[in-house]
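# Survey of secondary and tertiary structure
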Amino acid sequence: MICNRPQTWFAQSLAVLALGLSTAHAATPSEGSVSPASPELVFESGPHLISNPAYPDTGACLNPALVCDDFALAVEVPADVPASQSVRLTVRTEAPLGEDYDIYLLDDGGQEINSSASGGTPEEMVLLLQAGTQNYTVRIIPWLVTGTVATTKITLEFIETQTGGDESGPQAGLGDGKLPLNPEAPRYSVYVSPPEEGNDAGEPTVGYNPLTKRAMFISYVNALRVTFPENLDEALPESCDANWENKSGLITTLNSLDPIMTTDQDTGRTFNSQLSGANSLFEFSDDDGESWTPGQIGVPNGGADHQGVVAGPYPADFPIGGLLYPNAVYYCSQSVASAFCSRSDDGGQTFGPGYPFKNTDCSAGGLHGHPKVAPDGTLYIPDSSQCVLPLGETAEKVVTFVSEDAGMTYAARPIPTSEGGAGSDPSIGIATDGTAYMCYENADGTTRVAVSKDKGLSWANDQDIGAAAGLVATRFPAMIAGDPDRAACAFLGTTTEGPDLELGFTGVWYPYIATTYDGGKTWDLVNLSPDDPVQGFGGVGTSGTNRNLLDFNDLELDDMGRPLFAYADGCIGGCVIDPSQNSFAAKATLARQSGGRSLYAKYDDQFRSGPQPPKAACPLARHSQRTVNQTVIGWNAPDNGGLEISNYQVYRSEQPTGPFVLIGNSSKTRFIDSTADPAVTTYYYKVVAENEAGTSPQSNVLSLPLSTQKEVDTCSLPGAMIIQDPAGDSPVSDYDVLSFSVAEPADFADHFVFTLKLAGFTASEPPPSSFYPVLFPLLNNLYLAFDVTLGAPRFVHGQFVELPQGLLQFNEAGSLDSRSSYGADGTVVMIVPKVLFGELEAGDVIAGFDIRSRMGASAAPSRDTAGPADYIVRGHENCRSRRNALVIAELSSSRNEGRAPTTVEFTISGQASDGSRLSSWSLDFGDGESVEKQPFNSTGIARISHSYLSEGVYRAKATVRDSQGRSSANLAEQTIEIGVAERSLSALRGGSLGWLLIALLLPLRLRRSHQR
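Residues numbered from 1 in each chain as written. Predicted model: local features only at pLDDT ≥ 70, side-chain atom pairs only at ≥ 80, totals over all residues. Heavy atoms only, no water.

If you tally the helices and strands in the protein chain, you get five helices and 65 strands. Counting every position in the protein chain, which comprises 1012 residues, the buried fraction comes to 57%. Taking the intrachain contacts of the protein chain between residues at least 6 apart in sequence as the baseline, contacts between residues at least 24 apart amount to 64%. Approximately 38800 Å² of the protein chain is accessible, and the part contributed by carbon and sulfur atoms is 51%. (Helix = DSSP H or I, 4+ residues; strand = E, 2+ residues; numbered from the N terminus. Buried < 20%, exposed > 50% of the residue type's maximum accessible area, 1.4 Å probe, protein only. Contact = heavy atoms within 4.5 Å. Areas by Shrake-Rupley, 256 points an atom, 1.4 Å probe, with all protein chains shown as cover.)

With that settled, consider the state of the cysteines. Under the definition given, this model contains four disulfides. One disulfide bridge connects Cys 240 with Cys 618, the sulfur atoms lying 1.9 Å from each other. Between Cys 240 and Cys 618, the S-S dihedral sits near 100 degrees, and the bridge is therefore right-handed. Note that Cys 240 is positioned in the loop between strand E13 (222-227) and strand E14 (243-246) and Cys 618 in strand E38 (residues 618-619), a separation of 378 residues in sequence. Judged by relative accessible area, Cys 240 falls into the buried class, the value being 2%. For Cys 618, a relative accessible area of 0% corresponds to the buried category. Here Cys 571 pairs with Cys 575 through a disulfide, and the sulfurs are 2.0 Å apart. In this structure the cystine formed by Cys 571 and Cys 575 twists about its S-S bond by roughly -110 degrees; its chirality is therefore left-handed. Exposure remark for Cys 575: the relative accessible area of 0% places this residue in the buried category. (Disulfide = S-S within 2.5 Å.)

Right, let's get into the sheet that holds strand E34 (residues 524-527). One open sheet holds the four strands; their spatial order is E31-E32-E33-E34, and the pairing between them is antiparallel. The sheet is open, and its two edges are formed by strand E31 (473-481) and E34, each paired on a single side. Strand-to-strand twist across the sheet, computed as the mean angle between neighbouring axes with direction ignored, equals 20 degrees. (Pairing = 2+ DSSP bridges. Axes fitted to C-alpha atoms, helices over the stretch in contact; angles between N-to-C directions.)

Attention shifts here to the nonpolar core. Ranked by internal contacts, the top residues of the largest apolar core, which has 32 residues, are Phe 740, Phe 754, Phe 776, Leu 784, Met 830, Phe 837 and Phe 849. Mapped by element, the contributors of at least two residues to this core are strand E47 (720-724), strand E48 (737-743), strand E49 (751-758), strand E50 (770-776), strand E51 (782-787), strand E55 (827-833), strand E56 (845-855) and strand E57 (864-872). Considering every element that reaches this core, the biggest residue donor is E49, with four residues. Within the second largest apolar cluster, 29 residues are counted, among which are Ala 488, Met 560, Ala 568 and Tyr 600. (Core = buried A, V, L, I, M, F, W, Y, C linked by side-chain atoms within 4.5 Å.)

Position of Asp 462 relative to the elements: it lies in strand E30 (residues 460-464). Note on Asp 462: relative accessible area 17%, which makes it buried. Between the C-alpha atoms of Asp 462 and Ile 415, which are 47 residues apart in sequence, the distance is 8.7 Å. Of the polar contacts made by the side chain of Asp 462, one reaches the side chain of Thr 417; its length is 2.4 Å. (Polar contact = N/O pair within 3.5 Å; in protein donor to acceptor, adjacent residues only side chain to side chain.)

Topologically, Ser 583 is positioned in the loop between helix H2 (574-577) and strand E37 (587-595). When its relative accessible area of 2% is taken as the criterion, Ser 583 is described as buried. One polar contact links the side chain of Ser 583 to the main-chain carbonyl oxygen of Ile 572, over a distance of 2.6 Å. The residues contacting Ser 583, other than those within four sequence positions of it, are Gly 570, Cys 571, Ile 572, Cys 575, Gly 848, Pro 868 and Asp 870.

So, about the pattern of salt bridges. This structure, assessed with the given rule, holds 35 salt bridges. The closest approach of N and O atoms between Asp 817 and Arg 819, which form a salt bridge, is 3.0 Å. The exposure class assigned to Asp 817 is buried, which follows from its relative accessible area of 17%. The class of Arg 819 is partly exposed, set by a relative accessible area of 41%. A single network of salt bridges, built from pairs that share partners, joins Asp 100, Asp 102, Lys 668 and Arg 670. (Salt bridge = Lys/Arg side-chain N within 4 Å of Asp/Glu carboxyl O.)

Turning our attention to empty space enclosed by the protein. Empty space among the atoms becomes visible once a probe the size of a water molecule is rolled across them. A full pass over the atoms with the stated rule returns two cavities of 30 Å³ or more. Its volume calculated, the largest cavity comes out at about 90 Å³. Those elements giving two or more residues to the lining of the largest cavity turn out to be E31 and strand E35 (554-557). Top contributing element to the lining of the largest cavity by residue count: E31, with three residues. (1 Å grid on protein atoms, 1.4 Å probe; cavity = no way out; pocket = protein on both sides within 12 Å on 5 of 7 lines; lining within 4 Å. Points joined across faces, edges and corners; volume = space filled by probe spheres on them.)

Turning next to a nonpolar patch on the surface. Taken together, the side chains of Ile 320, Leu 323 and Leu 324 present a nonpolar region at the surface, about 340 Å² in accessible area. Classification of Leu 324 as exposed rests on a relative accessible area of 66%. (Patch = residues over 30% accessible without salt bridge, like charges linked within 9 Å, V, L, I, M, F, W, Y side chains within 5 Å.)

Here it is in structure tokens:
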């Protein structure tokens, strides 16, 4: 990952010299070493009060005001490292939520050799090393900060190189769950459901309707319709957000023990089923959820668990095949050891009797996977159990049950090289010629795939498809196949050894997809979100608190052969930054292939492999904000074409149709527009991505009007809303959770104020026996509750215990503050002592707020659930300061750099104390000139222009006063860099070498050409 700059030899030489002479602060400590005897070290950077967005594209730190921290690193690698090992240096920088620090690695000559500047936290950089002692400088640049400290950990590791053997094995990888970039491998875009939908999506399934090009996604009792951005009424780039809509039916929203969904791609009919006790609720839709038709409730011989639904062709010459509906519809479920499949011949309106497909000697703990139907009508049901086969042999293998007579009789066909009995369902995919691909969790925890050309009578190419990433444990395989030689398996994986089913597990899990284009001989493995785990610490359990992801995920193909991977994301919010604070969420997430060959070869001209220019990016309002003080444009990264994106060009216009003018470049997915004029009401932006293969098409147009600064106010009630839940997902308003908020007002020192908003109490009082707990699994199962189970409403806290079948036992330990209250409109206010959460400081994260509404303290299931969510502690001191009426000054500048002479327009504004107004302002330009105590006009905003005539670095500082004579207490300043004017090189020789370097290097920072 070398930085290749398009510079002349002279400019490169000056750059090296500049890096050696640049002003840089030292880290704490300022130097250290790693070796086999001491493989880890940690240092801190900061605190940094000033952001440094000007130099992240060069790694240079020339400006004393825009500081960065340097750490002198010595690395010792012995000469006797075995050939089977690789030596890896990892540099990882973490900072508080919302901060952005970049990492640059310089060699002992000051030349940059590696970097990590993707945006946000953490940043991580990896370097493979050779034997010997090597000296580096680790440079930490504060790209976007607010006075914080960053922590950097450096680790030296000796990794056994993972190989797949010969050409029949998986590709080699790094062994840590993160894979090297492979331009030939498929690439994916991830679409996350909006805040109000898809918050309880454990074990999701997905259907795709090729007639409308929309997907249907099941999230507990809610059927969600997903329209991809290019298919919206106003088409957008594929990198934009998908549109998620709640299109739930009537019957399947009443209750659920297991949800399931599938779409018959021949007809576009979507089937929705909810397990309800010993049987199920069932309905179907022919218009993607706009209307639903009830199907048979209570399928004959239905089991109590783990149902699956599939539609597919009848076997040839089947007597009644296709008379009432083109395809057979199968409903399969199990009851302890036995399991049955029923068939509907009228499109799901009625079902016939259930025929058993498991014999009674199968182990009770074994789970069958989802049924699939081959093009010739053969029905397959994969199973993980250890079964006694008809010949009396103990299989102890993964098995597929195969029916060639439309689900009436079955043959059990094991994979001889497998080890059965693992916790996850196996999954089978059937290609267009009937080739079967079985993806399964082996008994040793690895994910394997085997291939059969004869309906499971024999299997070939059985291999570990997670070895390329060094995965030691996996969960929830989901298989799909296209052409005979093309198939994909999606699953979750971790590289951490240990008790991965238990809450004490300290590994993280990521979503992977492995794809074959040669019939299962080799596999391309992709980590879909290497910077965002799908589960943090706490394991992926089969019972208990860490069973938030439940039992399986799902994989489907669209009409062009692109896999759609439906999974529940358990690590959201603060967990992404700190996986030890796992959310235990279940957020509806859908990944779709965005690049590389699909599973249908006829589309290879459209979906090519190998390096290509990126696709179009998508600037979004939710990533952007424009105020009088700052303009930030953010966007979704596009498919990168198989190469790292090296740069984004940002264009701006004052009209939606242009003309658009290039205003800057960024290597990140955001850009600070320092030249935005507050007098312009609305700006319009476009973004163009670049990689080594070329440039992308232009993005959509982002309209960004001037707006008020968005601030989280936790000083007044209800505070920061951390959870929003859709209305109507509980049939009774008394149990329908709408939102949850947290505040830390000064009047409630040492307490949090939690506000739970329900849809409303129908009788102006909470129902008898109702119970509203807030669960914290990461805090020793702490719970807080509004409790009406004993008569008069009470506010209590204690510990909960997980019982079988999802039941919870609540052990009360004490009462909440007596100021807690509730109202007839469903507003419940809990005043909670902070001491219940241990020792807290501002900036700490309280993870895993899990809201429930229940009938009875230990009854199950819950009537509604919301969350989980995180809260960042602000502390009440800032609220006391606000109550004491501090005056705040704000200063922005039209530009922060230029060549002498340069004119800069400053905008001064601020916030007055309570009951007063801003009266006057002063501005020190930093070059010896200033303006003192000028009156504000009625708008409370002042503007003034100033010309900087000489080169230099100037800090302009503003002060405001209010009508009570109070001066602003904060530091409001802008740094202005003025370089030398155009002149000959000989004229510069008599001046400062530092200013010569500034003049030559300042233009270089406008463009980056990293390949990471």
